[in-house]
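Residue-level structural notes
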Amino acid sequence: MADRTVFITGGTGGLGGAVTAAFVAAGWRTVATARKDPPDGGGATYVTADLTDPAAVEAAVATAVADWAAPLRAVINLVGGYAAAGLVHETPIEDFEQMLALNLRPTYLVTQAALPHLVEAGGGSVVCVSSRAALSPFPGAAGYVTAKAAVLAFAGAVAVEYKAKGVRCNTVVPSVIDTPTNRAAQPDADTSRWVPPEDIATVIRFLAGEESAPTSGATIPVYGRA
């Protein structure tokens, strides 16, 4: 029987499915969110939730902490989104703010709701997912770049504020992830240097576990093997 729980946001899809499978295989009680139609089986418990809504987030976290024998020890913030909107002067403020709402708001709300439970359990790990674009911006996606940079800053703040309480917070910074969605969006791209979801999942699981206990406030690049 599992003796610890991980809560994964966006636990379906290309990256989410790989991360969820990695934790299930490692023996964690795994609770993952889905926007709709959660999959059956696979060893994880799925909850449907709108993670931009504070009440829905609280309800989802309540499911994650429902098993007293497996306290919440890790939170994995995968939910995000991308949209190109042109150069800054061409980008409506609504489009810019949508990127913040998709990428920063869920990470903030979920982490905020989970932190008291991690502290009560004696400590744990929060892992956020940013993007290489936050460190090396490219034109035409100022909202996305800004939102992913804000995720990095937020994770750093959590790491500093909760260090004394035994809660760590680190951020994974992948390059383009090799998922069916990204391949469909970029059919002519050279995918040889894209990073497989399973590679990112391995790094995330490591950052959640005791093996990485000395590490907090780190930005971890995962750029593929090519």
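Scroll up to find the structure this text is about.
Report on the accompanying structure.

Conventions adopted
- Residues numbered from 1 in each chain as written.
- Predicted model: local features only at pLDDT ≥ 70, side-chain atom pairs only at ≥ 80, totals over all residues.
- Heavy atoms only, no water.
- 1 Å grid on protein atoms, 1.4 Å probe; cavity = no way out; pocket = protein on both sides within 12 Å on 5 of 7 lines; lining within 4 Å.
- Points joined across faces, edges and corners; volume = space filled by probe spheres on them.
- Nonpolar A, V, L, I, M, F, W, Y, C, P; charged D, E, K, R; others polar.
- Salt bridge = Lys/Arg side-chain N within 4 Å of Asp/Glu carboxyl O.
- Buried < 20%, exposed > 50% of the residue type's maximum accessible area, 1.4 Å probe, protein only.
- Axes fitted to C-alpha atoms, helices over the stretch in contact; angles between N-to-C directions.
- Helix = DSSP H or I, 4+ residues; strand = E, 2+ residues; numbered from the N terminus.
- Parallel < 35°, antiparallel > 145°, perpendicular 65-115°, else oblique.
- Contact = heavy atoms within 4.5 Å.

Let's shift gears to the layout of surface pockets. Taken as a whole, the largest pocket spans an internal volume of roughly 1,500 Å³. In this structure, the largest pocket is lined by 41 residues; those nearest its centre are L78, G80, G81, Y82 and N182. Of the residues in the lining of the largest pocket, the class split is 18 nonpolar, 18 polar and five charged. Taken as a whole, the second largest pocket spans an internal volume of roughly 160 Å³. As for the second largest pocket, its lining consists of 14 residues, of which R73, G123, G124, A208 and E210 are closest to the centre.

This part takes up the pattern of salt bridges. Counted under the stated rule, the structure contains three salt bridges. R183 serves as the salt-bridge partner of D178, at 2.5 Å between the closest nitrogen and oxygen. Here R205 and E211 are joined by a salt bridge, their closest N and O atoms 2.7 Å apart. Given a relative accessible area of 46%, E211 falls into the partly exposed group.

Now for the packing of helix α3 (residues 93-103) against helix α4 (residues 105-120). The interhelical angle for the contact between α3 and α4, taken along N-to-C directions, is 30°, at an axis separation of 3 Å. The orientation of α3 relative to α4 falls into the category roughly parallel. Between α3 and α4, the residues in contact are L100, A101, L102 and N103 and R105, P106 and T107, respectively. The residue makeup of the contact of α3 with α4, split by class, is four nonpolar, two polar and one charged.

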